[in-house]
Amino acid sequence: MTLDLLPLGKTARIVAVDWSVLVPEEARRLRALGLEEGAKVSLAHRGVFGGKDPLAIAVGRMIVALRRAHAAAMSVELLSEVSA
Amino acid sequence: MSRSRKIALVGNPNAGKSALFNALTGARQKIANYPGVTVERKFGRFVLPTGEPVEMTDLPGAYGLDPTSPDEEVTSKVVRGQFPGEAEPDVLVIVLDASNLEQHLVFAQELLSLGKPTVIALNMVDLAERDGLVLDPLVLQQELGVPVIPTVAVRRRGLADLGEAIAAAESRHAGPGLTDLGPTERRVAAHAMAEAAILSESKRHRLHARLDRLLLNPWIGPVILLALLFVVFQAVFAWANPLIDGLEGAMSALSDYVTSVLPAGLLRDLLTDGIIAGVGSVLVFLPQIVILFAFILAMEASGYMARAAFLMDRLMSYVGLSGRSFIPLLSSFACAIPGIMATRSISDPKDRLTTILIAPLMTCSARLPVYAVIIGAFIPERTVGWGIGLQGLVLFALYISGIIGAFLVALVLRRSITQGEASGFIMELPKYQLPRLKDMAIGLWQRGWIFLRRAGTIIFTVTVVLWVMLNFPKAAPGESQVDASIAGHLANGLAVVVEPIGFNRDMALSLIPAMAAREVAVSSLATTYAVDEEDEERQAVDLGNRLKNSWTLPMALAFLAWFVFAPQCMSTIAVTRRETNGWKWPVFMLTYLFTLAYLAAGATFWVATAAGL
């Protein structure tokens, strides 16, 4: 499953990122914000007026807004519910 | 020591650097002047507990020394002493958000690897505690090898300790082993340190998660944003009125006083018709500008601005931009200059260029004087139902015209001149915070002062020059003074060009000095009509009534439409030249905006005339 398809509120871990599909600048920014392999993430908010863009991802104690295209490059695996 | 030591505040965005900077330097801070400088540099002086005066710089927030935006590049160069003309900082103060250590420690390690004398401010420890997170600064201090001082900038907690640590920082050296880490190792180390520093962590009752559920709701969120923006623009008109009336009263009292104490003659005319009428007509808009900036500063300080960017991202993506462009564009409603400078946080160069080019289409506060005078004179003061005033509605329509114009221009530019990959949107959404009165007051004071300084320098000079050009050579008896003057002759030339769009000679005349700044149009109209009036009538008739007597409604509407587009602001042109490193883009901006202004004013005039208005 990719990050953009993660159900709202569910926690997952990023297992792989296809950096090659991302613009290098944006890839660097995502890494700088801690969105890379191994990060624990959850999808906090999605879209405006029924659209699917943008997404708000909770990573650690921070919320990061990004586009679906970025999230689609990140493969995640669901974690069992411990604490959100 | 010959010069005072330089201290640089550095850290991730949203670490509370600016609040800490305000707390340390108070009102003794300066934002460097716009023209002629290459970076917006916030600096201020303060005295360490040892009695040593130091100079402190507040650097733009960054995520790393490997820059991904022009903003980060400034920070990266300054801390390494590679910024031309800027002395290398003697001490770095790294500001960390206590509740976001895992993230902020990554950049902190990179900064420590520079080996400079460093102090760490563990900021916003109160907010972390509110979230149920208690930290041990000593653990961090041992891990990082530099002093870690817990601070709450907004409550002035820990400032004395921080000052002492800065004073003692000279002799220290960064801890060993940090230098040769790669980004991934740093992240792993950051995670481990953040975990180790936690004394206790309880279940979070996060207020901001609940606020986000409402404000970022896919349906309610955008409606709240739109309602908020509407309130802002109504407030700018309604709340400022008593203050504007007061200032106008003071101006006319001052004018009366000058008239009563000075003998009739050139000097008295220069003071009353030139300076008081001209500069005064611009000064009265200070309340509206302050109110607009107050809303923008509050949105920024509270963390709502980033949410607004999130909500606007989808809309912006239709014209090839991202939510990130929303913040510079919203700032441009106050003034295009800080707006254009705020585009430095946009990493994509084409995205950034497009945003710069459309920023002047956002209705800046300098247009308010023009709009307010014309609307006040020509649009009746009545409601159109639901308590919505017709004047406010016309003002809203002018703002919307600018926005729609900007979107259409962006759409065209992104498909032609600034063509490129669709830009992305990656942005941290900071925690909500109550804006602090003191920070707001400092911000408002700085913005208000810039406006007043403009009124005192550019507008003052232009007004006096215009008055001279209007009064010389003296008219023969029976001839109108304006017709005889130098300015009148110049305007007659321009009037030929603007006649097809419905402008008369006086309007053409006001456009010339308004190249310096848009609000000068008002002061020059005031000066022109004051010069041409018979003395006895002058005091009784205000500018609005004079305009009503000499302009038709289609002419007034065309004048409004002109100012939606016309790039009449030297400072904007200058800042565009600086931010785009050359004359190519400012010239392009001037050309396309004047073309649009001409077409819009012409269309408005002829449609309004055809409609029999």
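What you see is a predicted model, and the numbers here were worked out from it, not measured in a lab. (Residues numbered from 1 in each chain as written. Chains lettered and ligands numbered in written order. Predicted model: local features only at pLDDT ≥ 70, side-chain atom pairs only at ≥ 80, totals over all residues. Heavy atoms only, no water.)

Comments concerning the pattern of salt bridges
Keep this limit in mind: Any carboxyl oxygen of Asp or Glu that lies within 4 Å of a side-chain nitrogen of Lys or Arg is treated as forming a salt bridge with it. A 1.4 Å probe rolled over the protein chains alone gives each residue an accessible area, and that area as a share of the maximum for its type sets the label: buried under 20%, exposed over 50%, partly exposed in between.
Tallied over the full model, the rule gives 17 salt bridges over all chains. For Arg436 of chain B, the salt bridge is made with Asp439 of chain B, and the minimal N-O distance between the two is 3.6 Å. On the basis of relative accessible area, Arg436 of chain B is assigned to the partly exposed category, the value being 27%. Across the pair Arg505 of chain B and Asp506 of chain B runs a salt bridge whose closest N-O atoms are separated by 3.2 Å. On the accessibility criterion, Asp506 of chain B (12% relative accessible area) is buried. Sharing partners across several salt bridges, the network here consists of Glu25 and Arg28 of chain A together with Asp66 of chain B.

Quick notes on the UniProt feature "transmembrane region" (unreviewed entry) in chain B
Residues and elements named next belong to chain B. Applied cut-off: UniProt positions are given in the numbering used here, feature names are shortened, and annotations may be inferred rather than shown by experiment. In DSSP terms, a helix is any run of H or I states spanning at least four residues, a strand is any run of E spanning at least two, and both are numbered starting from the N terminus.
Taking the UniProt record as the reference, the feature "transmembrane region" (unreviewed entry) is found at residues 214-237, 274-298, 353-379, 385-413, 450-470, 551-575 and 587-608. Structurally, residues 353-379 is divided into 67% helix and 0% strand, and its ends, taken at the C-alpha atoms, are 37 Å apart. In residues 385-413, helix accounts for 83% and strand for 0%; the two terminal C-alpha atoms are 39 Å from one another.

Things to note about the nonpolar core
The tendency in soluble globular proteins is for nonpolar side chains to be buried as a group. Residue and element names in this part refer to chain B. Inclusion rule: We call a set of buried Ala, Val, Leu, Ile, Met, Phe, Trp, Tyr and Cys residues a nonpolar core when their side-chain atoms join them within 4.5 Å. Only heavy atoms matter for contacts: two residues are in contact if any of them lie within 4.5 Å across the pair.
One finds Ile374, Phe503, Leu547, Trp551, Phe559 and Trp562 to be the most contacted residues of the largest nonpolar core, which totals 116 residues. Those residues in contact with Phe559 that lie beyond four places of it in its chain are Val370, Ile374, Phe503, Met507, Ser510, Leu511, Leu525 and Trp551. Grouped together as the second largest cluster of nonpolar side chains are 36 residues, Phe83, Ala98, Leu140 and Ala194 included.

A look at the side chain of Arg367 of chain B
Residue and element names in this part refer to chain B. Note that Arg367 resides in helix H17 (residues 367-378). The buried category is assigned to Arg367, whose relative accessible area is 0%. In contact with Arg367, other than residues within four places in its own chain, are Pro360, Leu361, Met362, Arg518, Phe563, Val564 and Ala566.

Description of the UniProt feature "domain: Ferrous iron transporter FeoA-like" (unreviewed entry) in chain A
As recorded in UniProt, the feature "domain: Ferrous iron transporter FeoA-like" (unreviewed entry) lies at residues 1-78 of chain A. Spanning residues 1-78 of chain A, this segment combines 17% helix with 37% strand, and its end C-alpha atoms are found 9 Å apart.

Details of the sheet that holds strand S5 (residues 74-78) of chain A
In plain terms, the rule: Any two strands with at least two DSSP bridges between them are considered paired. Interaxial angle, 0 to 180 degrees, is taken between N-to-C directions of lines fitted to C-alpha atoms, where a helix line uses only the stretch in contact.
As summarised here, the arrangement of the 6 strands in space is S5(A)-S1(A)-S2(A)-S3(A)-S4(A)-S10(B), forming an open sheet in which the pairing is antiparallel. The open sheet is flanked by S5 of chain A together with strand S10 (427-429) of chain B, the only strands paired with a single partner. Neighbouring strand axes in the sheet, compared pairwise and without regard to direction, differ in orientation by 40 degrees on average. Here 3 bridges tie strand S1 (residues 11-17) of chain A to strand S2 (residues 40-46) of chain A, and the two strands are oriented antiparallel to one another. Paired with Ala12 of chain A across the strands is Val41 of chain A, a residue of S2 of chain A.

Quick word on the pairing of S1 of chain A
In this structure, S1 of chain A lies alongside S5 of chain A, joined through 5 bridges in antiparallel fashion. In the sheet register, Arg13 of chain A faces S5 of chain A, and the bridge partner there is Glu77 of chain A.

Quick look at the interface of chain B and chain A
Test applied: Buried area is calculated as the accessible area (1.4 Å probe) missing from two parts once they are joined, with the contributions of both summed.
Between chain B and chain A, the residue contacts involve 40 residues of the former and 32 residues of the latter. When chain B packs against chain A, close to 3,300 Å² is buried across both sides, 53% of that on carbon and sulfur atoms. When residues of chain B are sorted by the area they lose upon contact with chain A, Phe310, Arg314 and Ile426 of chain B head the list and together hold 21% of the total. Where chain B touches chain A, the interface holds 4 salt bridges. Its salt-bridge partner being Arg67 of chain A, residue Asp313 of chain B comes within 2.7 Å of it at the nearest N-O pair.

Considering a nonpolar patch on the surface
Residues and elements named next belong to chain B. The condition that has to hold: Patch membership requires more than 30% relative accessible area and the absence of a salt bridge. Residues of like charge join within 9 Å; the nonpolar side chains Val, Leu, Ile, Met, Phe, Trp and Tyr join within 5 Å. Here, Shrake-Rupley sampling with a 1.4 Å probe gives the accessible areas, and only protein chains in the shown set may cover a residue.
Taken together, the side chains of Leu266, Val468, Phe472, Ile486, Leu490 and Ile512 define a hydrophobic patch exposed on the protein surface, amounting to about 460 Å² of accessible area. Looking at where Phe472 falls in the secondary structure, it is placed in the loop between helix H19 (437-471) and helix H20 (481-484). Among the residues examined, Phe472 registers a relative accessible area of 30% and is labelled partly exposed.

A look at the packing of aromatic side chains
Each aromatic ring pair is described using two quantities: the centre-to-centre distance and the angle formed by the ring planes. Threshold: Two rings from Phe, Tyr or Trp (for Trp, the six-membered ring) form a pair when their centres sit within 6.5 Å of each other. Planes less than 30 degrees apart are called stacked, planes more than 60 degrees apart edge-to-face, and all others tilted.
As enumerated under the stated definition, the model contains 13 aromatic pairs over all chains in all. Residues Phe49 of chain A and Trp219 of chain B carry aromatic rings whose centres are separated by 5.7 Å and whose planes lie at 55 degrees to one another, so their mutual orientation is tilted. Of the two residues, Phe49 of chain A sits in the loop between S2 and strand S3 (55-59) while Trp219 of chain B sits in the loop between helix H8 (207-215) and helix H9 (220-238), which places them in two different chains. Exposure remark for Phe49 of chain A: the relative accessible area of 44% places this residue in the partly exposed category. By relative accessible area, which is 52% here, Trp219 of chain B ends up exposed.

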